Amino acid sequence: MLQNQGREMMIVTSGAVAFGKQRLRHEILLSQSVRQALHSGHSQLNDMSLPVLEARACAAAGQSGLMALYEAMFTQYSTCTAQVLVTNLDFHDDQKRQNLNSTLRELLHMNIVPIINTNDAVVPPPEPNSDLQGVNVISIKDNDSLAARLAVEMKADLLIALSDVEGLYNSPPGTDDAKLIDIFYPGDQQSITYGTKSRVGIGGMEAKVKAALWALHGGTSVVIANGTNPKVTGHVITDIVEGKKVGTFFSECKPAGPSVEEQTEMARRSGRALASLHPDQRSEIICHLADLLTERKEEILAANKMDMDLAVSAGHLPPAMLKRLSLSPAKLNSLAVGLRQIATAAQDSVGRVLRRTRVAHNLELEQITVPIGLLLVIFEARPDCLPQVSTLAIASGNALLLKGGKEAANTNHVLHQLTQEALSMHGVKEAVQMVSTREEVEDLCRLDKMIDLIVPRGSSQLVRDIQRAAKGIPVLGHSEGICHVYVDSEASIDKVIKIVRDSKCDYPAACNAMETLLIHRDILRTPMFDQIIDMLRTERVKIHAGPRFASYLTFSPSEAKSMRTEYGELECCMEVVDSMQEAVEHIHKYGSSHTDVIITENEDTAEKFLQQLDSACVFWNASSRFADGYRFGLGAEVGISTARIHARGPVGLEGLLTTKWVLRGDGHTVADFSEHGTMKYLHENLPAGQPLAGQRDSN
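Residues numbered from 1 in each chain as written. Predicted model: local features only at pLDDT ≥ 70, side-chain atom pairs only at ≥ 80, totals over all residues. Heavy atoms only, no water.

The chain appears in an unreviewed UniProt entry as Delta-1-pyrroline-5-carboxylate synthase from Pundamilia nyererei. Here is the UniProt Function (unreviewed entry) comment for the chain, exactly as written: "Bifunctional enzyme that converts glutamate to glutamate 5-semialdehyde, an intermediate in the biosynthesis of proline, ornithine and arginine." UniProt, in its Subcellular location (unreviewed entry) section for the chain, records the words "Mitochondrion matrix". (UniProt positions renumbered as here; feature names shortened; annotations may be inferred.)

**Student:** Describe the overall build of the chain, listing the residues and the values that go with them.
**Tutor:** Tallying secondary structure elements over the chain gives 22 helices and 23 strands in all. The buried share of the chain, taken over its 699 residues, is 47%. Pairs at least 24 apart in sequence give 72% of the contacts found in the chain among residues at least 6 apart. Carbon and sulfur atoms form 51% of the exposed surface of the chain, whose accessible area is close to 34,800 Å². (Helix = DSSP H or I, 4+ residues; strand = E, 2+ residues; numbered from the N terminus. Buried < 20%, exposed > 50% of the residue type's maximum accessible area, 1.4 Å probe, protein only. Contact = heavy atoms within 4.5 Å. Areas by Shrake-Rupley, 256 points an atom, 1.4 Å probe, with all protein chains shown as cover.)

**Student:** Please set out the sheet that holds strand S6 (residues 221–226) residue by residue, giving values where relevant.
**Tutor:** One key point about sheets: their strands pair by backbone hydrogen bonds, in either a parallel or an antiparallel sense. Taken together, four strands build an open sheet; the order of strands is S4-S6-S7-S5 and the sheet is mixed. Each edge of the sheet is formed by a strand with only one pairing partner; in this case those strands are strand S4 (158–163) and strand S5 (183–184). As paired elements, S5 and strand S7 (residues 248–250) share two bridges and run parallel to each other. What sits directly across from Ile183, in S7, is Phe249. Of the strands in this sheet, S4, S5, S6 and S7 are in contact with helix H6 (residues 204–217), which crosses S6 at around 155 degrees. (Pairing = 2+ DSSP bridges. Axes fitted to C-alpha atoms, helices over the stretch in contact; angles between N-to-C directions.)

**Student:** An account of the layout of surface pockets is needed here, citing residue identities and associated values.
**Tutor:** Here the second largest pocket defines a volume of roughly 1,200 Å³. Every residue lining the second largest pocket is counted, 48 residues in all, and those nearest its centre are Arg324, Arg382, Tyr507, Ala510 and Cys511. Elements that contribute at least two residues to the lining of the second largest pocket include exactly helix H12 (319–325), helix H13 (329–345), strand S13 (453–457), helix H17 (460–469) and strand S20 (639–641). With five residues, H13 is the single largest residue contributor to the lining of the second largest pocket. (1 Å grid on protein atoms, 1.4 Å probe; cavity = no way out; pocket = protein on both sides within 12 Å on 5 of 7 lines; lining within 4 Å. Points joined across faces, edges and corners; volume = space filled by probe spheres on them.)

**Student:** Talk me through the nonpolar core; I want residue IDs and the actual numbers.
**Tutor:** Counting 49 residues, the largest nonpolar core has Ile285, Ile286, Ile300, Val377, Leu400, Leu402 and Val638 as the members making the most contacts within it. Considering every element that reaches this core, the biggest residue donor is helix H14 (residues 385–396), with seven residues. (Core = buried A, V, L, I, M, F, W, Y, C linked by side-chain atoms within 4.5 Å.)

**Student:** How would you sum up the environment of Gln367? Please name residues and give values.
**Tutor:** Within the secondary structure, Gln367 is located in strand S9 (residues 363–371). The class of Gln367 is buried, set by a relative accessible area of 18%. In terms of polar contacts, Gln367 uses its side chain to reach the side chain of Thr659, at 3.2 Å. (Polar contact = N/O pair within 3.5 Å; in protein donor to acceptor, adjacent residues only side chain to side chain.)

**Student:** Summarise helix H4 (residues 94–109); cite the residues concerned and give the values.
**Tutor:** The terminal C-alpha atoms of H4, which comprises 16 residues, lie 22 Å apart, in line with the 22 Å expected from a rise of 1.5 Å per residue. Three or more residues of H4 are buried, namely Leu100, Asn101, Leu104, Leu107 and Leu108. Down the axis of H4, the buried set is contained in an arc of 130 degrees. They therefore lie on one face. Summarising the contacts, the buried residues of H4 are in contact with strand S2 (80–86), helix H3 (89–92), strand S3 (112–118) and helix H5 (143–153). Among the residues of H4, the N-terminal cap falls to Asp93, whose side-chain oxygen and the backbone nitrogen of Gln95 are separated by 3.0 Å. Downstream of H4 by one or two residues, Asn111 has phi in the positive range, about 65 degrees. (Expected span 1.5 Å × (residues − 1). Arc of directions from axis to C-beta.)

**Student:** Go over unusual backbone geometry with me, naming the residues and quoting the values.
**Tutor:** The phi dihedral of Ser78 falls on the positive side, at around 55 degrees, and the residue is not glycine. Topologically, Ser78 is positioned in the loop between helix H2 (55–75) and S2. With relative accessibility at 72%, the residue Ser78 sits in the exposed group.

Written as structure tokens, this is what we have:
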């Protein structure tokens, strides 16, 4: 594919010896069988063992088979290949090296892929005094050293060395502390412990690293990656060329700041210290951050103005995104109020006893709340999200890794500095980290051994991308906010106008804004219907007609392209239903289980709607905009979840906690299992809020 894109590709490969060994073994076995048949009836051949096959002979016999395989594969893609066999002498002799260079350039010029290998049929032993000791010489011992030499000789932009492991690890893969190194710098060689050689090839990882560093010093970028399992590694070569974080990238330029892996480690380490603080100390941090938001608002607003000016001049952000990006003194004051609410709630969040049971004499069991661990929150152009999420993480004792949108880079930088300033008062500054490097979402989702929960805050596309990429990490969030308001035949006109206006027009870009208005059929062509339409027109809401609504009108609005559209602007879909039951069925079919509303004066109808509808938030005679952590009294929310497990709806402090079981004994009680595998114990439930005699209090 890269060849067809106009890139110049070369392949360094081995396999001739293996091909030849297989072929010669077959020939020898066939020959022995013939000889045995000729001698049948005479003395039988006793020795049917295969002789030791000499590697050079195997290489000579296998070259044709190796090239036949490559020819067959590349011919399917109309790509021509050519075999080039080299030895050390071709590089140490200037004339031969120039001839090789000329030949390869001519092949590349003709859009032919050179397939290069050492001529193992005649290859001499490596030069004893030229084993990767200098810039100008490199002994060709294996494919890695050959590829490095060719890459420098041909001034290649990139050398990809494929291995049977994911890349370079700091210790042998499979050991307990082995970690994949994403970027390797020449000065880091002393920190690597190499294992045994690869099960394929003859060089091993140490040879790959030496060859990679030699090529890097010669001006070629190098990546070592896994090429043995396409189902796992995917299109590894094209992924590397596209700049995705695959394998180990060798670089001479070490960044000034910590890597995202180092930031993650720092956050996790400091997060444990945060979780062990007294609740009063965590509350003090939050209150200090709330004070900083108001005391330093001029600094925050100045940074936000820079972001707004850049966004407006670029002209690529829609009005809804610009509104989210903008901060104001009122918004900061509101944020500070919400933060102080969380500070109060934080007093009894971590370490709260949910259940206490005496399972045997002098054996008490408690279930207590604990932090989830390390959270990764990815948010787009909404800087107010940063202090909200940081505060919830602090209150729940969780470490936090933040990845904000580049549109709010200046505002996020200031807000993160203020957050770390507040954390510093109790020595846990590193518990909240901001990822400022150009890490892709997919790369962050690869940190499945360090990150415990991902919370996306942004567009439905962002959430879907993260849910797809985070294969090993739970994702809390919703992919769409398709909220419905159903106007029943027994609705009050005053309530309908107020609720529909607030649900759609208060903040159209919010995920809890109304996107579809369902109207009972009996309301059509009534004064109530006319007032609803007039109000929407006055508010400049563009109406898209559902299929059934369009059929009732002679001149209908533009028909909705889809009933599952999240407009995020002053637009909505309008559809007609025959009953409350049909409205529920419509919402189940087209909704996103976010927030749905019924407007009616009939209590029985409302209760059936609330009971039957399977959404995270279901309201009766209330605006969908109430689906908000702040309005729910949570102080702030980390997001709104439509998941079926763990937290659902607006997720505040409680949603960032999990539990653990603590068992306290005297050392004399043992578990006694019956022959049926059932433990015999005394099960006595005790009040969770009251301490046991002689035990610590519930906190």
